[in-house]
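The residues making up each chain are set out below.
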Amino acid sequence: MEFGKFGGQFVGGEVLQAVKEVERAYAKYADDLDFWSEFKTYLKEYANRPSLLYYAANLTEMLGGAKIYLKREDLNHTGSHKINNVLGQALLAKRMNKTKLIAETGAGQHGVATATIAALFGMECEIHMGYEDVIKQSMNVYRMELLGAKVIIVHDGLKTLKEAVDSALCAWSKELDKSFYLIGSAVGPHPYPKMVREFQKVIGEEIKEQLHSKEQRLPDYVIACVGGGSNAIGAFYEFINHEEVNLIGVEAAGKGLDTKEHASTITKGVEGVIHGMNTICLFEENGEISPVYSLSAGLDYPGVGPEHAYLHETKRVKYVSATDEEAVRAFEVLSRVEGIIPAIESAHALVETIKLAPKLNKDQIIVVNLSGRGDKDVKQIAKYRNYELVD
Ligand SMILES: *Cc1c(COP(=O)(O)O)cnc(C)c1O
C-alpha cells in the first residue's frame, strides 16, 4: 500500500485497466522535466501563482496571540486551490492523447475548474453532478455549460457527490480510449491520491519560501480544512519532515459530532473501502456508507484521502473539527476584520486558528490555508442568518 495500510486500487474490470494506464502514464511523466515545466508555466501564467502569503495584521491584533498569515489560494483563477490539480491532470491527459475530460462535482467548484481547463485546452468535457446538488447550485451548472461542458445529472441513491463519482467512473469505463477521469481531491485508487498531492504541494512549497523571506523561519502551525484532503495535503506536504511544524486538519462537524449530521470522517470513522481506496470512512450500522452533512458542500464527503488516514495513524497531523455555526462566525469575522470573504470550507480552518492563536505567544506563527473565496457562499450564509434576499 502507498500510505501504510491505506491506499490501494480497489476497483475491478475495465476501471482497473484504465487506472493502470493512468498509473503507467503518471510514472512516466513524474520524472519528465518538460512535463513539470509546462505545469509550472500554466500555474504562473494562467492560474496566477504564486498566490500571496498575506500577514493578517488586524486578525492577529484582535486575537492578541500568534502572528497569523493567510495563504491566499482564493486569488487563483476560478477562486480556489482546485485549479492546481486540474491543470496537472489535464496536462497528463493531453500527453496520453486523450481528448475528453470526465469529472464528478459536488457543489460545482471542481466541475467549473475542470470545464475551465477543458475550454483552455480545447478538450471535450463531461461533468457528473447529483440532482440534489444541481438544484442547490444551478448557477454552477450554467457556468459549466457556458464553458462548453456537458453536465450529466445523476439521480441514483442520495443524488449527491458519492453517486456522482460512481456515475463518472461508469461513464469513463465506457470510453476508455479517448477519455481521462479527472478526480477532484486527493482520493480514489492509486495513483490518484499521490498524483493530486504532487500537483497541490506547490502550496506548501510557496508557504515555506514566502515565510522565509518575510520572517526567516518556519511556521509553528499550518492549518487547513479537510474534505477529501487535497488543499490540506498540498499545504502540509513540504513540512511533514520538519517535526517542529505542527500540522492541523479541520473537518466539518456540521450540526455537531453528537448528531448524525456531520462529515468528520477521521474523528468519527473507521477503516474501510470507498471509491477504490482503503482509508477511513463513515459507515452506518448496516455497513453502508453514511450520508454525510455539512453546510459546506466542499467538505461533505464520507471518506478522506488515504494519506490523511496515514498521517492520522502516525499522529504526524492532528485532526479536529468545526461546526457549521463556528464556521459561519469565522466567515463573518474574516470578512469584517480583514475585508476578505473566505470560502465556507476555508472558514473551518479559521475556526481552529481563532481558538488557537490567543493561547500562543506573539513570536509564534500560524499559517492558515485560505483554500478558496467565499463569493459562492454568500447567498447560502445570508439564508443561514435569515437575511431577506430579494431576487
Ligand atoms: C473543494 C474545496 C475544498 C475541499 O476539498 P479538499 O480536497 O479537502 O481540499 C476546500 N475548500 C474549497 C474552497 C474547495 O473548493
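Residue indices begin from 1 for each chain and proceed along its sequence in written order. Only residues with pLDDT of at least 70 are given local features in this predicted model, and only at 80 or more are side-chain atom pairs given and counted; all residues enter the totals for whole chains, interfaces and linings. Side-chain figures throughout are based on the complete set of non-hydrogen atoms in the structure, without hydrogens or water.

Colleague: Help me understand the domain arrangement of the protein in this model?
Modeller: As a measure of interface size, the accessible area lost when the parts come together is often cited. Along its sequence, the protein is organised into domain 1 (13–43 + 82–196) and domain 2 (48–79 + 201–384). Where each domain begins and ends is defined by an automated method or by a domain database. Taken over C-alpha atoms, the centre of domain 1 sits 23 Å from the centre of domain 2. In this description, contact between two residues means that some pair of their heavy atoms is separated by no more than 4.5 Å. Listed as interface residues are 21 residues of domain 1 and, on the opposing side, 25 residues of domain 2. Two parts placed together each lose some accessible area under a 1.4 Å probe, and adding up what both lose gives the buried area. Carbon and sulfur atoms make up 65% of the surface buried where domain 1 meets domain 2, a total of about 1800 Å² over both sides. Of all residues in domain 1, the largest losses of buried area upon contact with domain 2 belong to Leu43, Asn84 and Lys162, amounting jointly to 24% of the total for that side. The salt bridge criterion pairs a side-chain nitrogen of Lys or Arg with a carboxyl oxygen of Asp or Glu, the two atoms within 4 Å. Viewed at the interface, domain 2 and domain 1 are joined by 0 salt bridges. Here a polar contact is taken to be a pair of N or O atoms separated by no more than 3.5 Å, where protein atoms must pair a possible hydrogen donor with a possible acceptor and residues adjacent in sequence count only if both atoms sit in side chains. Linking domain 1 with domain 2 are 8 residue pairs in polar contact (both at pLDDT 80 or more), by the criterion used here. Comment: elements are numbered from the N terminus, with helices defined as DSSP H or I runs of at least four residues and strands as E runs of at least two. Those elements that place two or more of their residues in the side of domain 1 that touches domain 2 are α2 (33–45), α4 (82–95), α5 (109–121), α8 (161–174) and α9 (192–200). Counting residues per element, the side of domain 1 that touches domain 2 draws most heavily on α8, which supplies 4 residues. Gly counts as polar in this scheme, as do all residues outside two lists: the nonpolar Ala, Val, Leu, Ile, Met, Phe, Trp, Tyr, Cys and Pro, and the charged Asp, Glu, Lys and Arg. When grouped by side-chain class, the residues that make up the side of domain 1 that touches domain 2 number 12 nonpolar, 6 polar and 3 charged.

Colleague: I would appreciate a short explanation of the site of the ligand in the present structure.
Modeller: If even one non-hydrogen atom of a residue comes within 4 Å of a molecule or strand, that residue is called near it. The local shell around the ligand holds 17 residues, among which Lys82, Ser185, Gly227, Ser230 and Ser371 are the closest. One of the side-chain N or O atoms of Ser185 is found 2.6 Å from an oxygen atom in the ligand. A distance of 2.8 Å separates an oxygen atom of the ligand from a polar atom in the side chain of Asn231. If the ligand stood free it would expose 380 Å²; the protein chains cover 97% of that surface. As defined here, a cavity is a set of points on a 1 Å grid over the protein atoms alone where a 1.4 Å probe fits but cannot get out. A pocket is an open set with protein on both sides within 12 Å along at least five of seven lines, and residues line them when an atom is within 4 Å of a point. Pocket or cavity membership: a molecule qualifies when more than half of its atoms sit within 2 Å of the grid points of that site. With respect to the detected pockets, the ligand is housed in the largest cavity. All accessible-area figures derive from a Shrake-Rupley calculation using a 1.4 Å probe, and residue coverage is judged against the displayed protein chains alone.

Colleague: How do you make sense of the pairing of strand β2 (residues 67–72) when you look at a structure like this?
Modeller: Along any regular strand, the residues point their side chains to alternate faces of the sheet. Burial runs high along β2: 5 of the 6 residues are buried. Any two strands between which DSSP finds at least two bridges are classified as paired. Relative to β2, strand β1 (residues 53–55) is paired through 3 bridges, and the arrangement is antiparallel. Along β2, the bridge assignment pairs Leu53 with Lys71. As judged from the 6 bridges shared by β2 and strand β12 (residues 365–370), these two strands associate in the parallel manner. Bridge pairing links Arg72 to Leu370 in β12. Only protein chains enter the accessibility calculation, which uses a 1.4 Å probe; a residue whose area is less than 20% of its type maximum is buried, one above 50% is exposed, and one in between is partly exposed.

Colleague: Would you take a moment to explain the nonpolar core for this structure?
Modeller: A general feature of soluble globular proteins is that nonpolar side chains tend to end up buried together. Judged by nonpolar contacts, the single largest core of 87 residues is most densely connected at Leu92, Trp172, Phe180 and Tyr181. Excluding anything up to four places from it in sequence, Leu92 contacts Val22, Ala25, Tyr26, Tyr29, Phe35, Phe180 and Met195. Among buried residues, the Ala, Val, Leu, Ile, Met, Phe, Trp, Tyr and Cys ones that are joined through side-chain atoms within 4.5 Å form a nonpolar core. Core analysis: the next-biggest nonpolar cluster, separate from the first, contains 37 residues, Ala263, Val292, Leu295 and Val351 among them.

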